[in-house]
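For reference, the chains in residue letters:
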Amino acid sequence: QMGSQALDKTVDSVCPFCGVGCLLTYKVKNNKIISVDGRDGPANQSRLCVKGRFGFDYVHHPHRLTTPLIRRADVPKDMAVTRDPADWASVFREATWDEALDLAGATLKGLRDTHGRKALAGFGSAKGSNEEAYLFQKLVRTGFGSNNVDHCTRLCHASSVAALLEGIGSGAVSNQVNDVDHAELILVIGSNTAGNHPVAATWMKNAAKRGLKIVTADPRGTDLDKHAWRKLQFKADTDVALINAMIHTIIEEGLADAAFISARVSNFEALRDSVRAFSPQAMAPVCGVPAAAIREVARAYARAKAAMIFWGMGVSQHVHGTDNVRSLMALCLVAGQIGKPGSGLHPLRGQNNVQGASDAGLIPMMFPNYQRVDDSAAHQWFEDFWGMTLDDQPGYTVVEIMHKALAPESDPHKVRGMYIMGENPAMSDPDLNQARRALASLSHLVVQDIFMTETAWLADVVLPAGAWPEKTGTVSNTDRMLQLGRQAIDPPGDARPDLWIIQQIAHRMGLTWNYPGENCGVALVYEEMRQTMHTAIGGISWERLQREGSVTYPCLNADDPGLATVFTDHFPTPDGRAHLVPTTLTLAAEKPDAAYPLVLITGRQLEHWHTGSMTRRSAVLDALEPVATASVNAGELARLGLTAGAMVTLRSRRGTLDVQLRRDDGTPDGTVFMPFAYREAAANLLTHAALDPFAKIPEFKYCAVCITPVS
Ligand code: SF4
């Protein structure tokens, strides 16, 4: 730490990593961030986890891209995506901004004009600002000409959003994390909260000391278990069995909230009939949790004066992810545990701005503010607002776009050109060998990023972007707090802010945008976005954000503090009621067998974030977790005849990698866990691209693998 006298300045901003959205202050000297302090934000009250406190130096890493690059004509796209990033000159040559932008814009425009508007697609980013997300989706919709725009929400909570929109008319959380202070019980399911949302977990742990009952439910043991009143370690893939057995208990034992159901819920009879078959006795052997434990937790949840459900990607990343969330909603609604302080539903959003990027319309079936592209009134409104003819059919999702890139030439919807801003599908998509083949097959790929990512190696044009502390913009956290990040340092070399680059591409696609002003016109972009989202952020002007820094939405008026708890008297559905949707048991797309006897679960770990492009370039974080590991329990180690630290080969039907074994007794029998942040052992080489049919989210949480010692 340096004394404030020695600093050039301190700049208030937001943590760039997870969806908790901790406010922080950058301490800057000579255009370098020296250290970071937690700030008294509503989501963190000055707390930071190890990533927020120590993970800032990636912005100064020598691997930063500092000049536009164009692929050398004689270098094929050979899928060698894990080269040394310092060796970029073997594949690319330096270019001026005009040369790179002209090539990118002209080629994308040429593909559109030759092959039609479905020939292009764009992946935006949940790591960027709301303004960048808004402009990016506007570019794809008005410039590329279709709704082929998506981002990593498809890979994390698409099923949660689909189920929530269907059931209660809103995809965001009903209550904020710190509302645990008003709860008597919380159910935390499919979430390693202490590892993935560490500061959110501190609210839970503190409340537990004051008497909050925490129930953890997860196939893997997690650090929150130490603070739990009850722990339900259920078999992976059986979420619906466990949750429906709880609903069965609540209805059978007369604990359902009849008044709430009568006043605010529809389709109860169908749900009641559907859960008859899910008695705890029948489901105990299915989900591996004793019937008495299911009943005890169900009773406690229903009888609690206030109870919340938190869930993470353990719930959402399945082919039955939407059904998992439908069941959780049904549990909540049948017990009447929503619409009051301490009672509600909270899908813990993963990335810093995945909530905001979705709100801003970075999804293929929705305009900003979740207005369907195939709703004629919404479609007409946006055509008038943007002054352009728009596609009225939903576009393709992340994995579908990859499939369309590999489609035969005769397919009229074959994707031939892509613009990828701040996402790394060559690491984050399932079945990476196929995803990388798809990216390599594109006629033209433009990648905009801060590092030479695995995706950038497959690009034709690479555009060097500004990192989060190098720009000004807003992000929205998991709690529906709209928060302002301010520029603290200048980008290195000739790197430019994303907002500037998007506008330059738009001009070259023939769009006549004009956003003058400081910071690439961010205030004007925000105010335009606000007009499209007036029912959510209409009361939050750019000036107000400058003053307050963080405002909860929905917030409709300038003097409105924002609603921390929503759905208090009605749901935002056509009839104001929540709609129950019965669910059935669906199996994972690929079950273990003799050849591939183990289940692979992928996820994250405390020190690393997403595909590791930032945290693995942070000295402290990489020193803490420098090596890719695969975790199994002691029994599994014994069965394999191996010890922790041994190098093994993990193999699935789709790929192979070598990795070090780690002992973790929280990992259940027959299961192996791997984080997906390590380029040298990319877990998604193994995962399955099977999709949930409703939300199109891939099944990252279950596929079959085998382990053999490295020969
Ligand atoms: Fe950043 Fe999330 Fe850690 Fe807060 S909890 S400091 S937002 S990574």
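In the block above lies the structure referred to throughout.
Let us look at the structure shown here. (Residues numbered from 1 in each chain as written. Predicted model: local features only at pLDDT ≥ 70, side-chain atom pairs only at ≥ 80, totals over all residues. Heavy atoms only, no water.)

This next bit is on the environment of Met283. Checked against the element boundaries, Met283 lands in helix 11 (residues 280-287). Spatially, the C-alpha atoms of Met283 and Gly221 are 21 Å apart, while their sequence positions differ by 62 residues. Once you skip the residues sitting within four places of it in the chain, Met283 turns out to touch Ala241, Ala245, Ala277, Phe278 and Gly288. (Helix = DSSP H or I, 4+ residues; strand = E, 2+ residues; numbered from the N terminus. Contact = heavy atoms within 4.5 Å.)

Attention now moves to the site of the ligand. Taken together, Cys15, Phe17, Cys18, Gly21, Cys22, Leu48, Cys49, Lys51, Gly52, Pro198 and Val199 are the residues near the ligand. A per-class count over the shell around the ligand returns 8 nonpolar, 2 polar and 1 charged. (Near = heavy atom within 4 Å. Nonpolar A, V, L, I, M, F, W, Y, C, P; charged D, E, K, R; others polar.)

Between its terminal C-alpha atoms helix 2 (residues 97-115) stretches 27 Å, which fits the 27 Å expected from 19 residues at 1.5 Å a residue. When helix 2 is considered as a whole, its buried residues turn out to be Trp97, Ala100, Leu101, Ala104, Gly105, Leu108, Leu111 and Arg112. An end-on view of helix 2 places all buried positions within 130 degrees of arc, on one side of the element. Remark: Gly116 follows helix 2 within two positions and exhibits a positive phi of approximately 95 degrees. (Expected span 1.5 Å × (residues − 1). Buried < 20%, exposed > 50% of the residue type's maximum accessible area, 1.4 Å probe, protein only. Arc of directions from axis to C-beta.)

Here we take up the nonpolar core. Counting 101 residues, the largest nonpolar core has Leu139, Ile186 and Tyr419 as the members making the most contacts within it. A total of 7 residues in this core trace back to one element, the largest contributor, which is helix 3 (residues 130-144). If sequence neighbours within four positions are ignored, Ile186 has contacts with Val180, Met204, Leu212, Lys213, Ile214, Val215, Met308 and Phe310. With 57 residues, the next largest nonpolar core counts Phe234, Ala241, Leu242 and Phe260 among its residues. (Core = buried A, V, L, I, M, F, W, Y, C linked by side-chain atoms within 4.5 Å.)

Spatially, 10-9-8-12-13 is the arrangement adopted by the 5 strands of the open sheet, whose pairing is parallel. Looking at which strands have only one partner, the edges of the open sheet turn out to be strand 10 (230-232) and strand 13 (344-347). Strand after strand, the sheet turns through a mean of 15 degrees between neighbouring axes, direction not considered. Contacting strand 8 (185-189), strand 9 (213-217), strand 10 and strand 12 (307-311), helix 12 (residues 291-303) runs over the sheet at an angle of about 125 degrees to strand 10. (Pairing = 2+ DSSP bridges. Axes fitted to C-alpha atoms, helices over the stretch in contact; angles between N-to-C directions.)

For Val566, the position within the fold is in the loop between strand 21 (550-552) and strand 22 (578-579). For the pair Val566 and Tyr553, spaced 13 residues apart in the sequence, the C-alpha separation amounts to 9.7 Å. Discounting chain neighbours no more than four positions away, the residues touching Val566 are Val173, Ser174, Gly339, Arg480 and Pro554.

Judged by side-chain polarity, Phe54, Val620 and Leu624 come together as a nonpolar surface patch covering roughly 240 Å² of accessible area. Secondary-structure assignment places Phe54 in helix 1 (residues 50-54). Judged by its relative accessible area of 37%, Phe54 is partly exposed. (Patch = residues over 30% accessible without salt bridge, like charges linked within 9 Å, V, L, I, M, F, W, Y side chains within 5 Å. Areas by Shrake-Rupley, 256 points an atom, 1.4 Å probe, with all protein chains shown as cover. Salt bridge = Lys/Arg side-chain N within 4 Å of Asp/Glu carboxyl O.)

This brings us to the pairing of strand 9. Taking burial as the measure, the 5 residues of strand 9 include 4 buried ones, the bulk of the element. Note that strand 8 and strand 9 share 5 bridges and pair parallel. The residue of strand 9 that forms the bridge with Ile186 is Ile214. With 3 bridges joining them, strand 9 and strand 10 adopt parallel strand pairing. Of the residues in strand 10, the one forming a bridge with Val215 is Arg230.

This part covers the pattern of salt bridges. Applying the stated criterion across every chain, the model contains 46 salt bridges. When the shortest N-O distance is used, the salt bridge between Glu253 and Arg295 registers 3.1 Å. On the criterion of sequence distance, the pair formed by Glu253 in the loop between helix 8 (239-252) and helix 9 (258-264) and Arg295 in helix 12 is long-range, its members being 42 residues apart. Under the relative-accessibility criterion, Glu253 is labelled partly exposed at 29%. In this structure, the salt-bridge partner of Arg616 is Glu680, at a minimum N-O distance of 2.8 Å. Placement of the pair is Arg616 in the loop between strand 23 (598-603) and helix 24 (619-624) and Glu680 in the loop between strand 27 (671-675) and strand 28 (703-709), with a sequence separation of 64 residues. Classification of Arg616 by relative accessible area gives buried; the value is 18%.

Pro554 follows Tyr553 through a cis peptide bond whose omega is 10 degrees. Its location among the elements puts Pro554 in the loop between strand 21 and strand 22. The phi angle at Cys520 is positive, at roughly 60 degrees, despite the residue not being glycine. Note that Cys520 resides in helix 21 (residues 518-532). Phi angles above zero are rare outside glycine, and His610 is one such case at about 50 degrees. Counting through the fold element by element, His610 comes out in the loop between strand 23 and helix 24.

For the rest of this paragraph, the subject is the environment of Pro219. With respect to the helices and strands, the residue Pro219 is situated in the loop between strand 9 and strand 10. Separated by 162 residues in sequence, Pro219 and Trp381 have C-alpha atoms that sit 46 Å apart. The residues contacting Pro219, other than those within four sequence positions of it, are Gln233, Phe234, Lys235, Ala236, Ile601, Gly666 and Pro668.

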